Amino acid sequence: MEQALYHPQHGYYSSGRCAIGRKGDYFTNVSIGPLFGQLMAAQFAEIWEQLGKIDNFIIVEQGAYDGQFARDVLQSARLRAPEFFETLDYRIVEPFPILRERQSQMLEPFRNKIEWRDSLEPFTGVHFSNELLDAMPVHLNSRGMEKLVDLQDDRFVFIERPQSNTAFNQVALAWIDNLAGNLKRGYVIAIDYGHPGAEFQRDIQVRAQHRHLDSPFEQIGHADITMHVDWTSIARRAKANGLRVAGFTDQHHFLTGIISAWPDLVLADRKTKRALQTLLHPEMLGRAFQVLALAKNVDPTAPPPAGFKFAREPHSVLGLGNPN
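This report concerns the structure included in the present document. All figures in this text were calculated on a predicted structure; none of them were measured in a lab.

Taken together, the buried positions of helix α9 (residues 270–280) are T272, A275, L276, T278, L279 and L280. On its buried face, α9 sits against α2 (35–50) and α8 (251–261). Two to three positions downstream of the cap, the backbone nitrogen of K271 sits 3.3 Å from a side-chain oxygen, assigning the N-cap of α9 to D269.

Rendered as structure tokens:
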């Protein structure tokens with residue numbers, strides 16, 4: 001999975017072959033149009049206010065693809081929250097040159113607001129990701145055995161060995177460790193598809209041109225390989241690193257919470273209504289995606305971000321026990 005997705009020359013993402021959108025391999029929130037970025041810009045501005053309207057507020061994005069989400073956020077912030085726009089800096093963590101070049105072209109109008117990094121560095125503000133965790137390499141563990149990849153007669157095949165002590169999503173857990181160490185104050189907002197606790201199923205998905213392929217050995221380097229996120233293990237690791245679980249809900253309730261705070265964001269034209277339906281409808285993206293918020297050095301008695309206005313208590317949903 002690491003090589004198929006991230007090999008410098010042949011990887012699905014790192015080579016630039018990844019195609020997102022209706023004419024690509026899959027579509028996501030950003031593919032729907034600027035509405036998603038506009039809603040998130042309002043949420044980021046509220047967090048900035050909660051942190052005291054600080055003048056060193058940084059939005060860090062990982063998995064930025066071509067930079068469209070960053071552009072939508074910055075355009076909306078400049079128009080609707082100019083004071084916030086003046087104080088924010090947008091940092092994209094992007095190790096792959098071809099994607100950094102695409103982002104640079106997309107974000108040329110905001111070149112004074114954007115900076116790029118190869119890896120996470122200390123920041124105060126918000127870390128945002130949309131469909132990042134599901135693309136992190138995993139171990140296929142089941143019933144005490146682990147699947148590995150072997151080459152037999154010029155063909156890739158699965159073989160099994162006794163399972164090691166390594167967590168199936170060790171890469172994602174290590175990412176949380178790193179992120180917790182670099183966030184000085186603020187929030188982490190991760191949007192992805194997965195399940196909490198006992199609902200989680202360890203099934204990989206392989207997609208190309210909006211079709212599910214039968215094997216990760218099909219169209220290697222030309223297909224996306226993902227796994228649903230185990231939100232409970234992510235939240236537990238975050239708590240172990242000193243992050244507080246500030247909210248967890250599905251995308252429908254999250255975006256509805258934001259809209260309830262800023263109803264003027266949703267215009268009455270047909271295009272916006274269609275985009276909103278795609279983002280919210282349970283049979284589209286509204287239920288498929290969940291949103292996890294983690295906080296550090298933020299007043300625990302303060303209200304959660306607006307997106308979690310209609311969310312249930314996150315510890316009970318995630319099976320984490322007592323919030324304290």
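What follows continues from the structure just given.
The next thing to look at is the packing of aromatic side chains. This model, assessed by the stated rule, comprises 16 aromatic pairs. Taken together, a centroid distance of 6.3 Å and an interplanar angle of 85° make the contact between Y193 and F289 edge-to-face. Taken as a pair, Y193 in the loop between β8 (183–192) and β9 (194–195) and F289 in the loop between α9 and β15 (290–296) lie far apart in primary sequence, 96 residues in all. Taking relative accessible area as the criterion, F289 reaches 4% and is therefore assigned buried. Among the aromatic residues, those joined into a ring-pair cluster are Y6, Y12, Y13 and F96.

This paragraph deals with the layout of surface pockets. Within this model, the largest pocket holds a volume of roughly 870 Å³. For the lining of the largest pocket, the elements supplying multiple residues, two or more each, are α1 (2–6), β1 (58–62), α3 (68–80) and α6 (170–182). A per-element tally of the lining of the largest pocket places α6 first, with 3 residues. Of the residues assigned to the lining of the largest pocket, the class counts are 20 nonpolar, 9 polar and 6 charged. The computed volume of the second largest pocket comes to approximately 520 Å³. Along the walls of the second largest pocket sit 19 residues, with M1, E2, V149, F158 and F217 positioned nearest its centre.

With that settled, the discussion passes to the sheet that holds strand β11 (residues 211–212). Strand order in this open sheet of 3 strands is β11-β10-β12, and the pairing throughout is antiparallel. Two strands lie at the open edges of the sheet, namely β11 and β12 (224–227), each paired on one side alone. Relative to β11, strand β10 (residues 204–208) is paired through 2 bridges, and the arrangement is antiparallel. Directly across from A208, in β11, lies its bridge partner R211.

Below, the discussion takes up the pairing of β1. Of all 5 residues in β1, 5 are buried; the element is thus mostly enclosed. Burial along β1 is two-sided: the residues I58, V60 and Q62 and I59 and E61 are all buried. Bridge count between β1 and strand β4 (residues 123–130): 5 bridges; the pairing is parallel. Bridging across to β4, E61 finds its partner in F128.

Moving on to α2. Compared with the 22 Å implied by 1.5 Å per residue over 16 residues, the 23 Å span of α2 between its first and last C-alpha is a close match. Burial analysis of α2 places 12 of its 16 residues in the buried class, which makes it a mostly covered element. Within α2 the residues assigned to the buried category are L35, F36, G37, L39, M40, A41, A42, Q43, F44, A45, I47 and W48. Directly after α2, the chain includes G52, whose backbone phi takes a positive value near 95°.

Attention shifts here to the nonpolar core. In this structure, F36, M40, F44, F57, F69, F84 and Y90 are the most contacted members of the largest nonpolar core, which totals 54 residues. Broken down by element, the residue count for this core peaks at 10 residues, all from α2. Leave out the neighbours within four places in its chain, and F57 touches F44, I47, W48, L51, F84, T87, L88, D89, T124, G125 and V126. Core analysis: the second largest hydrophobic core is formed by 29 residues, L132, V188, A238 and L243 among them.

A separate point is the sheet that holds strand β6 (residues 145–152). Backbone-to-backbone hydrogen bonds pair the strands of a sheet. The strands run either parallel or antiparallel. Strand order in the open sheet formed by 3 strands is β5-β6-β7, and the pairing between neighbours is antiparallel. Every interior strand has two partners, whereas the edge strands, β5 (140–142) and β7 (155–162), have only one. Neighbour-to-neighbour, the strand axes of the sheet open up by a mean angle of 40°, direction not taken into account. Pairing of β6 with β7 involves 8 bridges; the strand directions are antiparallel. Within the sheet, the bridge partner assigned to K147 lies in β7 and is E160.

Close contact between α2 and α8 brings their axes to 10 Å; oriented N to C, the two are set at 65°. The interaxial crossing formed by α2 with α8 has left-handed handedness. Residues F36, L39, M40, A42 and Q43 of α2 touch α8, and the partners they reach there are Q251, F254, L255, I258 and I259. For the contact of α2 with α8, a count of residues per class yields 8 nonpolar, 2 polar and no charged.

Calculation rules
Residues numbered from 1 in each chain as written. Predicted model: local features only at pLDDT ≥ 70, side-chain atom pairs only at ≥ 80, totals over all residues. Heavy atoms only, no water. Buried < 20%, exposed > 50% of the residue type's maximum accessible area, 1.4 Å probe, protein only. Helix = DSSP H or I, 4+ residues; strand = E, 2+ residues; numbered from the N terminus. Contact = heavy atoms within 4.5 Å. Polar contact = N/O pair within 3.5 Å; in protein donor to acceptor, adjacent residues only side chain to side chain. Phe/Tyr/Trp six-rings, centres within 6.5 Å; stacked < 30°, edge-to-face > 60°. 1 Å grid on protein atoms, 1.4 Å probe; cavity = no way out; pocket = protein on both sides within 12 Å on 5 of 7 lines; lining within 4 Å. Points joined across faces, edges and corners; volume = space filled by probe spheres on them. Nonpolar A, V, L, I, M, F, W, Y, C, P; charged D, E, K, R; others polar. Pairing = 2+ DSSP bridges. Expected span 1.5 Å × (residues − 1). Core = buried A, V, L, I, M, F, W, Y, C linked by side-chain atoms within 4.5 Å. Axes fitted to C-alpha atoms, helices over the stretch in contact; angles between N-to-C directions. Left-handed = near helix turned anticlockwise from the far one by under 90°.

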